[in-house]
Each structure stands twice: as C-alpha cells, then as structure tokens.
Amino acid sequence: MENYIEHLVKGKRGTKEYMERGVAIALPFLFMFILSLLSLPIIFFVFYFLYRIIYG
C-alpha cells in the first residue's frame, strides 16, 4: 500500500500500471454496488404489489 502511494506521489514509472490495476480491482465492486442500488426499488415494488394482491 505504501508503495502504491509512493508511486502516486512521486510520479515514478509504473504509476499508470498501478492505477490501472486499482481500477480493474475496484470496477466489479462498483458495478455490483450500483446494480444493487438500482434493484432496490424494483424489489420494493414487487413486494408492495404482492402485499396488495394477498391482503387486498
């Protein structure tokens, strides 16, 4: 981790590779997070309509 920060601060060679690796690791998690946020309203409406159907 210190090596990563050192690369970013001092602008050493290989900084681009470090950043690309960081983005490659973070992207799937970011994508899953956004997807889960988008699916929350859909889940809410499904359960709401099921509740309306079952309990009138």
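For the structure itself, look to the data block above.
Basis of the calculations
Residues numbered from 1 in each chain as written. Predicted model: local features only at pLDDT ≥ 70, side-chain atom pairs only at ≥ 80, totals over all residues. Heavy atoms only, no water. Helix = DSSP H or I, 4+ residues; strand = E, 2+ residues; numbered from the N terminus. Buried < 20%, exposed > 50% of the residue type's maximum accessible area, 1.4 Å probe, protein only. Areas by Shrake-Rupley, 256 points an atom, 1.4 Å probe, with all protein chains shown as cover. Phe/Tyr/Trp six-rings, centres within 6.5 Å; stacked < 30°, edge-to-face > 60°.

## Considering the overall build of the protein
Here is step 1: Secondary structure assignment for the protein yields 2 helices and 0 strands.
Here is step 2: In the protein, which comprises 56 residues, the proportion classed as buried is 4%.
Here is step 3: In the structure as shown, the protein presents an accessible area of about 5500 Å², 74% of it carried by carbon and sulfur atoms.

## Describing the packing of aromatic side chains
Any two aromatic rings considered together are summarised by their centre-to-centre distance and by the angle between their planes.
Here is step 1: Summed over all chains, the structure comprises 4 aromatic pairs.
Here is step 2: Measuring from ring centre to ring centre gives 6.4 Å for F44 and Y48, while their planes differ by 15°; the resulting arrangement is stacked. You can see F44 and its partner Y48 sitting in helix 2 (residues 15–55), 4 residues apart, about one turn around the helix.
Here is step 3: Residue class for Y48 comes out partly exposed when judged on its relative accessible area of 36%.
Here is step 4: Counting every residue linked through ring pairs, the aromatic cluster contains F44, F45, Y48 and F49.

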